[in-house]
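Here is what each chain is made of, one letter per residue.
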Amino acid sequence: MSSESQMLMQAIKELDGHVKEMSEDVDSIRGDIDSMRGDIDSMRGDIDSMRSDMDTMRGDIDSMRSDMDTMRSDIDSMRGDIDSMRGDIDSMRSDMDTMREEIDSMHGDIDSIHKELGQVKLEQKKTNQRIDDLRDRLTDQIDLLREDTWTTRSEVQKIKRKAKV
């Protein structure tokens, strides 16, 4: 064998080694991608859970509003009874004060729930951004890997053609 043939054979062996390394890298990246997909699916499950929690909170808010409407109606009824039961005015005033405190407390609860909903929406937005960023990074890595693989294949083909000559 001539020294050129030996050099070409050596270069082909080296390229085959690089191709094998890149193939291993591709397998590793595929594993990373599968792992990230699992993470994304988990995040999606968390988001769905948050959405379900928000729906539950909305139902609770509607229920509280209905309770407040009922309490308001009760207060109006009590006011009518105050006029007819002057002897119980002090007792009814105390009851009304208690109910007002409960209504104020419910307003505080509603405000708290609104704040929590805002936080959940912010967390959801951040999570969606993270998912988008991961998807973009994965796409970029795959594109780079494809370019490297294509370049390596082209170089191997050139060397094989030279080896045949």
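What comes next is a walk through the structure. From a predicted model like this one, the values you see are computed outputs, not experimental measurements.

1. Thoughts on the overall build of the chain
- For the chain, the count of helices and strands is 2 helices and 0 strands.
- Its C-alpha atoms give the chain a radius of gyration of 35 Å, more than 25% over the compact-globule value 15 Å for 165 residues.
- Seen along its three principal axes, the alpha-carbon backbone of the chain occupies a region of about 120 × 15 × 15 Å.
- Counting every position in the chain, which comprises 165 residues, the buried fraction comes to 22%.
- Excluding contacts between residues fewer than 6 apart, the proportion of contacts in the chain whose partners are at least 24 apart in sequence is 84%.
- For the chain, the exposed area adds up to about 12,300 Å²; of that, 47% sits on carbon and sulfur atoms.
- Placing the 27 positive and 42 negative side-chain charges of the chain at their respective mean positions leaves the two points 11 Å apart.

2. Focus on a positive patch on the surface
- A surface patch of positive charge is lined by K158, K160, R161, K162 and K164.
- Within the secondary structure, K160 is located in helix α2 (residues 89-164).

3. Some thoughts on the environment of D136
- Inspection of the secondary structure assignment puts D136 in helix α2.
- By relative accessible area, D136 is classed as partly exposed at 44%.
- Along the sequence, D136 and D39 sit 97 residues apart, while their C-alpha atoms lie 15 Å from each other.

4. Observations regarding the nonpolar core
- With 9 residues, the main nonpolar core is built from M68, M71, I75, M78, M96, M99, I103, M106 and I110.
- For this core, the secondary-structure elements that each account for two or more residues are α1 (3-84) and α2.
- If you look at the next biggest cluster of nonpolar residues, it comprises 6 residues, including M54, I61, I113 and V120.

5. Some thoughts on the environment of D109
- Along the polypeptide, D109 turns up in helix α2.
- Taking C-alpha positions, D109 is 9.0 Å from I61, a pair spaced 48 residues apart along the chain.

6. Some points on the side chain of T127
- Tracing the backbone shows T127 in helix α2.
- In this structure T127 touches M43 and I47, once residues within four positions along its chain are discounted.

7. Brief notes about the pattern of salt bridges
- By the definition in use, this model includes 8 salt bridges.
- Taking the shortest distance from any N to any O, the salt bridge between R30 and D27 comes out at 3.8 Å. Pair noted here: R30 and D27 are both in helix α1, with a separation of 3 residues, about one helical turn.
- For D27, a relative accessible area of 46% translates into the label partly exposed.
- With a shortest N-O distance of 3.7 Å, R44 and D41 are connected by a salt bridge. On the criterion of helical spacing, the pair formed by R44 and D41 is a turn pair, its members being 3 residues apart in helix α1.
- Residue classification places D41 among the partly exposed residues on the basis of a relative accessible area of 47%.

Rules of the game
- Residues numbered from 1 in each chain as written.
- Predicted model: local features only at pLDDT ≥ 70, side-chain atom pairs only at ≥ 80, totals over all residues.
- Heavy atoms only, no water.
- Helix = DSSP H or I, 4+ residues; strand = E, 2+ residues; numbered from the N terminus.
- Rg over C-alpha atoms; globule rule 2.2 N^0.38 Å.
- Buried < 20%, exposed > 50% of the residue type's maximum accessible area, 1.4 Å probe, protein only.
- Contact = heavy atoms within 4.5 Å.
- Areas by Shrake-Rupley, 256 points an atom, 1.4 Å probe, with all protein chains shown as cover.
- Lys, Arg positive; Asp, Glu negative; His and termini not counted.
- Charge placed at Lys NZ, Arg CZ, Asp CG, Glu CD.
- Patch = residues over 30% accessible without salt bridge, like charges linked within 9 Å, V, L, I, M, F, W, Y side chains within 5 Å.
- Salt bridge = Lys/Arg side-chain N within 4 Å of Asp/Glu carboxyl O.
- Core = buried A, V, L, I, M, F, W, Y, C linked by side-chain atoms within 4.5 Å.

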